[in-house]
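# Remarks on the overall topology
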Amino acid sequence: CDEPEMAYEYFKDATKDKKYEKFVDKNDINLRFVPLFSAMGEFEKAFDMLDEYKNFVIKVKGESSLEYSRYLKELGKLLICIGKTEEAEKILIKCLETEFAVNGNENSSADEISVLLGKAFAKTGDKKRAENYYKKVLKNPESSMYPKAVFDTYESLIKNGDTEGAKANLVSAKNAMEKSGD
């Protein structure tokens, strides 16, 4: 949905009508709609939904589950939205630790989380930490997050007046992508 308000109407319809209750997983809806409420600026509702999801997951799956790591990832994203980057970093690292404990390296969110934290720290002005997170992704041109890391790094360098660094970043990315295509 392009319009958060329209998506919100769908959410209300799906959760209020009892005839859909057996078809709708309220816990899954809670997790999936957190970004919507966050985008609408309804952070209290988003946190409430996350808490409800967390309580369900801990009760049914426990803290050593992929479901719990999904909760941690959404919590970290939400904390970034409200400017609590340091706290988000701790939560997102715990998310990765949980993922690795359950799945090893398979289907890891490490690159996605590195880009999230890179962008968050760039926004706070902590260029060094932002750069360190982006570098983790930029080491792997095969990553699905590689283009995002390249663009975000470029954008951060431009905003900080480092046009030469931005140009070098793009040339390096181009070379890495050409090399990985061989």
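To be clear, the structure that these remarks concern was listed above.
What comes next is a walk through the structure. Here the structure is a predicted model, which is why all the values come from computation and not from measurement.

### Describing the side chain of Asp-152
Residue placement: Asp-152 occurs in helix H8 (residues 146–159). Since its relative accessible area comes to 1%, Asp-152 is described here as buried. Residues contacting Asp-152, with those up to four places away along its chain left out, are Val-115, Lys-119 and Tyr-134.

### Considerations on the nonpolar core
One finds Leu-50, Tyr-71 and Leu-117 to be the most contacted residues of the largest nonpolar core, which totals 34 residues. Listing elements by their share of this core, those giving two or more residues are helix H2 (26–39), helix H3 (43–60), helix H4 (66–81), helix H5 (85–103), helix H6 (110–124) and helix H7 (127–138).

### Brief notes about H8
With 14 residues, H8 ought to run about 20 Å at 1.5 Å a step, and its terminal C-alpha atoms sit 20 Å apart, in line with that. Where H8 is concerned, the buried positions are Tyr-146, Ala-149, Val-150, Asp-152, Thr-153, Ser-156 and Leu-157. Where H8 is buried, its residues meet H6, H7 and helix H9 (163–180). Gly-161 lies just past H8 and shows a positive phi near 80°.

### Focus: the pattern of salt bridges
In a structure, side chains of opposite charge can pair up when their charged atoms sit close to one another. This model, assessed by the stated rule, comprises twelve salt bridges. The shortest N-O distance in the salt bridge between Arg-129 and Glu-89 comes to 2.3 Å. With Arg-129 in helix H7 and Glu-89 in helix H5, this residue pair connects regions lying 40 residues apart in the sequence. According to the relative accessible area criterion, Arg-129 is partly exposed, its value standing at 24%. Residue class for Glu-89 comes out buried when judged on its relative accessible area of 12%. Across the pair Glu-131 and Lys-135 runs a salt bridge, and its minimum N-O distance is 3.2 Å.

### Observations concerning the packing of H2 against H4
One way to put it is that H2 packs onto H4 with a least axis distance of 10 Å and a crossing angle of 5°. Overall, the two elements H2 and H4 adopt an arrangement that is roughly parallel. Residues Leu-31, Val-34, Pro-35 and Ser-38 of H2 touch H4, and the partners they reach there are Arg-70, Tyr-71, Glu-74, Leu-78 and Cys-81. A class-by-class count of the residues in the contact of H2 with H4 yields six nonpolar, one polar and two charged.

### Structural notes on H9
Its 18 residues place the ends of H9 26 Å apart at the C-alpha level, agreeing with the 26 Å of an ideal helix rising 1.5 Å per residue. Listing the buried residues of H9 in full gives Gly-165, Ala-166, Asn-169, Ala-173 and Ala-176. Buried residues of H9 fall within an arc of 100° about the axis and therefore sit on the same side. Those residues of H9 that are exposed and angled more than 90 degrees off the buried face are Glu-164 and Lys-179. The elements touched by buried residues of H9 are H7 and H8.

Calculation notes
Note that residues are indexed from 1 along each chain, following the sequence as it is written. Under the rules for a predicted model, residues below a pLDDT of 70 receive no local features and side-chain atom pairs below 80 are neither given nor counted, while totals for whole chains, interfaces and linings still include all residues. The basis for every side-chain value is the complete set of non-hydrogen atoms in the structure, without hydrogens or water. Helix and strand assignments come from DSSP, with helices taken as H or I runs of at least 4 residues and strands as E runs of at least 2, each series counted from the N terminus. Here the term buried applies to any residue with accessible area under 20% of the maximum for its type, exposed to any over 50%, and partly exposed to those in between, with areas from a 1.4 Å probe on protein chains only. In this description, contact between two residues means that some pair of their heavy atoms is separated by no more than 4.5 Å. Among buried residues, those of type Ala, Val, Leu, Ile, Met, Phe, Trp, Tyr and Cys that are joined through side-chain atoms within 4.5 Å constitute a nonpolar core. The span you would expect from a helix comes to 1.5 Å times its residue count less one. For salt bridges, the criterion is a side-chain nitrogen of Lys or Arg within 4 Å of an Asp or Glu carboxyl oxygen. Axis definition: a line fitted to C-alpha atoms, over the contacting stretch in the case of helices. Angles run 0 to 180 degrees between N-to-C directions. These descriptions rest on fixed angle ranges, namely under 35 degrees for roughly parallel, over 145 for roughly antiparallel, 65 to 115 for roughly perpendicular, and the rest for oblique. Residue type decides the class: Asp, Glu, Lys and Arg count as charged, Ala, Val, Leu, Ile, Met, Phe, Trp, Tyr, Cys and Pro as nonpolar, and the leftover types, Gly among them, as polar. This arc corresponds to the set of directions leading from the helix axis out to the C-beta atoms.

Geometric values such as these leave the question of function open.
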